[in-house]
Amino acid sequence: MNKNSSIFKTIGLMITLLCAMTGCESNIVFQDAATLAESSWYKKDIVSFEYDAQDTTELYNVIIDIRNEADYPYKNFWLFVHSTSPQGIDYSDTLECVLADNFGRWIGKSSGSLYALPVLFLSNTRFPQKGIYHFDLIQGMRSDTLKGIHEIGIRIEKAEAKQ
């Protein structure tokens, strides 16, 4: 066994032990994403997600995760979000997702030619009934075919306790 592999094994063991001792607990209770074919989102295509809420007392943040390509032609992105509760109550909203600053620099974290940006949709919200919540995401740009959006997703995480 060479010295480098021994060091990596030791570091891996230390991380594993640290996670076991601290629990490595994540606040994420749900996360899913859809990769768009050829990084194109057609206006007629609805991206849907389902979240099975079981805790009606916790506060949650609902985040839209966007991954755009470096050649995405706009600095922002409009999104229509429709949700339906287990009781059939509908909620709709329009969300502007700003992807680049005024100088055209992408705001999101880069990985190669892709930029990932989380956009807060709902903050400190509750899911008042147990059951399946449906989320439909529809691109709200004027173009029928939106090129350069590689992936769209939704993440639900426990809200941080306020001090």
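These numbers were taken from a predicted model, which means no experiment stands behind them.

Topic: the pattern of salt bridges
Right, on to step 1. This structure, assessed with the given rule, holds five salt bridges.
Right, on to step 2. A salt bridge links R105 to D101; the nearest nitrogen and oxygen atoms lie 2.9 Å apart.
Right, on to step 3. Here D101 falls in the partly exposed class, since its relative accessible area comes to 23%.
Right, on to step 4. A salt bridge links E157 to R155; its shortest N-O distance comes to 3.2 Å. Assigned by exposure class, E157 and R155 land together as buried.
Right, on to step 5. Connected through shared salt-bridge partners, D65, R155 and E157 make up one network.

Regarding the sheet that holds strand β5 (residues 76–84)
Right, on to step 1. Taken in spatial order, the four strands line up as β3-β9-β5-β6 in an open sheet, and their pairing is antiparallel. What marks the edges here is a single partner per strand, and that holds for β3 (47–53) and β6 (90–98). Strand-to-strand twist across the sheet, computed as the mean angle between neighbouring axes with direction ignored, equals 25°.
Right, on to step 2. Note: β5 against strand β9 (residues 131–139), six bridges, orientation antiparallel. Considered in β9, the bridge of V81 is made with L137.

Focus: the side chain of E151
Right, on to step 1. Tracing the chain through its elements places E151 in strand β11 (residues 149–158).
Right, on to step 2. At 3.1 Å, the side chain of E151 and the side chain of T35 are in polar contact.
Right, on to step 3. Not counting chain neighbours up to four residues away, the residues in contact with E151 comprise A33, A34, T35, D65, I66 and R67.

Thoughts on the confidence of the model for the protein
Right, on to step 1. Taken as a whole, the protein shows an average pLDDT of 88; of its residues, 83% reach a score of 70 or greater.
Right, on to step 2. Confidence drops under a pLDDT of 50 for residues 16–23, and excluding neighbours within four residues, the segment shows one contact in the predicted structure.

With respect to the nonpolar core
Right, on to step 1. Ranked by internal contacts, the top residues of the largest apolar core, which has 34 residues, are W41 and F77.
Right, on to step 2. Elements supplying a minimum of two residues to this core: β3, β4 (60–69), β5, β6, β8 (114–125), β9 and β11.
Right, on to step 3. Beyond its immediate chain neighbours, meaning those up to four positions away, F77 contacts W41, I66, Y72, L95, E96, C97, L99, Q139, M141, L146, I149 and I152.

A look at the packing of aromatic side chains
Right, on to step 1. Within this structure, the stated rule accounts for nine aromatic pairs.
Right, on to step 2. Centre to centre, the rings of Y72 and W106 are 6.2 Å apart; their planes meet at 50°, and the pair counts as tilted. Pair noted here: Y72 is in the loop between β4 and β5 and W106 is in the loop between β6 and β7 (109–111), with a separation of 34 residues, a long-range link. Like W106, Y72 is buried.

Conventions adopted
- Residues numbered from 1 in each chain as written.
- Predicted model: local features only at pLDDT ≥ 70, side-chain atom pairs only at ≥ 80, totals over all residues.
- Heavy atoms only, no water.
- Salt bridge = Lys/Arg side-chain N within 4 Å of Asp/Glu carboxyl O.
- Buried < 20%, exposed > 50% of the residue type's maximum accessible area, 1.4 Å probe, protein only.
- Pairing = 2+ DSSP bridges.
- Helix = DSSP H or I, 4+ residues; strand = E, 2+ residues; numbered from the N terminus.
- Axes fitted to C-alpha atoms, helices over the stretch in contact; angles between N-to-C directions.
- Polar contact = N/O pair within 3.5 Å; in protein donor to acceptor, adjacent residues only side chain to side chain.
- Contact = heavy atoms within 4.5 Å.
- pLDDT = per-residue confidence, 0-100.
- Core = buried A, V, L, I, M, F, W, Y, C linked by side-chain atoms within 4.5 Å.
- Phe/Tyr/Trp six-rings, centres within 6.5 Å; stacked < 30°, edge-to-face > 60°.

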